[in-house]
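Listed below, chain by chain, are the residues.
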Amino acid sequence: MTAIQRDRRFYILLFLLVLVLGSNALLYRSPLTSQVLPADANWVVIGSLIDLAVVAPLLILFLKRKERITVKAFIAWMVSGLVFARFLIPSAYFEPFTYVPLAAIGIEALIVLAELGLVALLIWRLPGIIRWIKSHNESLLFSLPSAVEKRVGNHILLRVIASEFLMFYYAFASWKKKPSAGEAYFSLHKKSSLIAFYIMLIHGIIIETAAIHWLIHEKSVILSIIMLLLNVYTVIFFIGDIQAIRLNPLYVQDRNIFVSLGLGKRIVIPMEEIKEIKWEREAEEEKINPKETIDFIAKDFETLPPHCIIEFKRPLAANLFMGLKKNYTKTAIRLDEPDRFRALIEDQKKI
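The sections below set out a description of the structure shown in this document.

**Some points on a nonpolar patch on the surface**
No. 1: A contiguous nonpolar patch, built from Ile12, Phe15, Leu16 and Leu19 and spanning about 390 Å² of accessible area, is present on the exposed surface.
No. 2: By the secondary structure assignment, Leu16 is in helix H1 (residues 3-28).
No. 3: By relative accessible area, which is 34% here, Leu16 ends up partly exposed.

**Things to note about the side chain of Gln253**
No. 1: Position of Gln253 among the secondary structure elements: in strand S2 (residues 250-253).
No. 2: Taking the relative accessible area as the measure of exposure, Gln253 reaches 15% and is therefore buried.
No. 3: Those residues within four positions of Gln253 in sequence are excluded, and the remaining contacts are Asn137, Glu138 and Phe258.

**Section: the packing of aromatic side chains**
No. 1: Using the criterion set out here, one finds 13 aromatic pairs in the structure.
No. 2: Between Tyr169 and Tyr170, the aromatic rings sit 5.1 Å apart at their centres with planes inclined by 75 degrees, giving edge-to-face as the arrangement. Neither Tyr169 nor Tyr170 differs from the other in exposure class; each is buried.
No. 3: Ring centres 6.1 Å apart and planes at 55 degrees place the aromatic pair Phe237 and Phe238 in the tilted group. Residue Phe237 shares its accessibility class with Phe238, and that shared class is buried.
No. 4: Members of the aromatic cluster, joined through ring pairs, are Phe142, Tyr185, Tyr251 and Phe258.

**Brief notes about the side chain of Thr293**
No. 1: Looking at the element boundaries, Thr293 is found in strand S6 (residues 293-296).
No. 2: Apart from residues lying up to four places away in sequence, Thr293 is in contact with Ile288, Tyr328, Lys330, Thr331 and Ala332.

**Some points on the nonpolar core**
No. 1: If you look at the biggest cluster of nonpolar residues, it comprises 61 residues, and the most contacted ones within it are Tyr170, Leu250, Ile257, Ile269, Ile310, Ile333 and Phe341.
No. 2: Considering each element in turn, this core owes the most residues, eight residues, to helix H11 (residues 221-247).
No. 3: If we skip the residues at most four places from it in the chain, Ile333 touches Leu188, Leu250, Val259, Phe296, Pro306, His307, Cys308 and Ile310.
No. 4: Within the second largest apolar cluster, 19 residues are counted, among which are Ala53, Met78, Phe94 and Ala104.

**A word on the packing of helix H3 (residues 42-63) against helix H4 (residues 71-88)**
The description of two helices packed together rests on the angle between their axes and the distance between the axes.
No. 1: The contact between H3 and H4 brings their axes to 8 Å, and the two run at 135 degrees. It follows that H3 is oblique to H4 by the angle criterion. H3 and H4 meet at a crossing whose hand is right-handed. Where H3 approaches H4, its residues Leu49, Leu52, Ala53, Val54, Pro57, Leu58, Ile60 and Leu61 are matched on the opposing element by Ala73, Phe74, Trp77, Met78, Gly81, Leu82, Phe84, Ala85 and Leu88.
No. 2: For the contact of H3 with H4, the per-class residue count stands at 16 nonpolar, one polar and no charged.

**Thoughts on a negative patch on the surface**
No. 1: Side chains of Glu276, Glu282, Glu284 and Glu285 sit close together on the surface and give a patch of like negative charge.
No. 2: Of all the elements, helix H12 (residues 280-285) adds the most residues to the negative patch, at three residues.

**Description of the packing of helix H10 (residues 194-217) against H11**
No. 1: It is the contact of H10 with H11, at a shortest axis distance of 10 Å, that shows an interaxial angle of 170 degrees. When the interaxial angle is binned, H10 and H11 end up roughly antiparallel.
No. 2: By residue class, the composition of the contact of H10 with H11 is 19 nonpolar, six polar and two charged.

**Brief notes about the environment of Phe10**
No. 1: By secondary structure assignment, the location of Phe10 is in helix H1.
No. 2: Phe10 gets classed as partly exposed once you look at its relative accessible area, which sits at 27%.
No. 3: Placed 89 residues apart in sequence, Phe10 and Tyr99 show a C-alpha to C-alpha distance of 34 Å.

**Some thoughts on the pattern of salt bridges**
No. 1: This structure, assessed with the given rule, holds ten salt bridges.
No. 2: Measuring nitrogen to oxygen at the nearest pair gives 3.8 Å for the salt bridge that ties Glu311 to Lys275. Taken together, the residues span a long stretch of sequence, with Glu311 in strand S7 (residues 308-320) and Lys275 in strand S5 (residues 274-279) at a distance of 36 residues.
No. 3: In this structure, Glu292 engages Lys330 in a salt bridge whose closest nitrogen and oxygen atoms are separated by 3.9 Å. A residue pair is termed long-range when its members are at least 10 positions apart, and Glu292 in the loop between H12 and S6 and Lys330 in strand S8 (residues 325-333) qualify at 38 residues.
No. 4: Residue classification places Lys330 among the buried residues on the basis of a relative accessible area of 13%.
No. 5: Sharing partners across several salt bridges, the network here consists of Lys278, Glu286, Glu292 and Lys330.

**Examining unusual backbone geometry**
No. 1: Positive phi is not limited to glycine here, since Asp254 has a value of about 55 degrees.
No. 2: Structurally, the position occupied by Asp254 is in the loop between S2 and strand S3 (256-260).
No. 3: Among the residues examined, Asp254 registers a relative accessible area of 66% and is labelled exposed.
No. 4: Backbone geometry at Glu280 places phi at a positive 45 degrees, although glycine is not the residue there.
No. 5: Locating Glu280 in the fold gives a position in helix H12.
No. 6: Here Glu280 falls in the partly exposed class, since its relative accessible area comes to 27%.

About the criteria used
Residues numbered from 1 in each chain as written. Predicted model: local features only at pLDDT ≥ 70, side-chain atom pairs only at ≥ 80, totals over all residues. Heavy atoms only, no water. Patch = residues over 30% accessible without salt bridge, like charges linked within 9 Å, V, L, I, M, F, W, Y side chains within 5 Å. Areas by Shrake-Rupley, 256 points an atom, 1.4 Å probe, with all protein chains shown as cover. Salt bridge = Lys/Arg side-chain N within 4 Å of Asp/Glu carboxyl O. Helix = DSSP H or I, 4+ residues; strand = E, 2+ residues; numbered from the N terminus. Buried < 20%, exposed > 50% of the residue type's maximum accessible area, 1.4 Å probe, protein only. Contact = heavy atoms within 4.5 Å. Phe/Tyr/Trp six-rings, centres within 6.5 Å; stacked < 30°, edge-to-face > 60°. Core = buried A, V, L, I, M, F, W, Y, C linked by side-chain atoms within 4.5 Å. Axes fitted to C-alpha atoms, helices over the stretch in contact; angles between N-to-C directions. Parallel < 35°, antiparallel > 145°, perpendicular 65-115°, else oblique. Left-handed = near helix turned anticlockwise from the far one by under 90°. Nonpolar A, V, L, I, M, F, W, Y, C, P; charged D, E, K, R; others polar. Lys, Arg positive; Asp, Glu negative; His and termini not counted. Charge placed at Lys NZ, Arg CZ, Asp CG, Glu CD.

Here it is, written out as structure tokens:
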């Protein structure tokens, strides 16, 4: 689908959404409502409930351009649509259907309880997860999410919990650890100013927090506390990200390339899934499409080219911020020792 076709699709869906919401608003909240609606308007109300609980949520999900519409997302928008219908439709017409929003909220509550059950199951199986991690000679950044997925499940809530645990672990419990070193390990950040840039950001946030908290506290205590908590969380994330970058260099193990750049992105590339590798000048000249290529290039004060671009035989899943996953067909990597990495990869391909 071309960009023009995608834009056309977006505007068509947006027009249909505005038409659905606008027609229902005019039907119930205009001077002509009493004249247009009959005394027994149950069938009209049912049609509006279908519009707001089924049609509008589907249009919204399609507008968000999701690759896959999940049941949970649809139910969440359905509940929102029914609650909106309760306020839109006058009580005189909505009275026979007052149970509908309550039933929808009940379904959403059951989903929340099921997710809490997943958290309880995660806690119950924590000893087994710890044993699985210890039995695999992998970085915690890679082994913890894999262990949670294998022992409990792949639900987004579990991935978020694992991601948050990693953030707090690297921010507070990893200071005695040293970066892994050896022939199979390759750092990505030492020849960049990424760590210095993060430290500068942390200093800026701390100064901003002190100043803004003092200014806002007199006008709104709640707002000042919310901003304080958000800034504290951001500082913790940056500290954890710095430690994750330092302690998790790219490494090659069991014919897999484990590559990460902090807490925000990581991927495992099996050697047998590599279709082609472009090195040096060939990689520098290739135009990187962020929709299909995940880059592991330490940010600097200037844009730096990759040392290699690895193309996969099939799309591979990468783990992103807050446990999100996305498939990519290529990865662009910049290393501190590109020649040594190239030599190792070419030796591995001969095996």
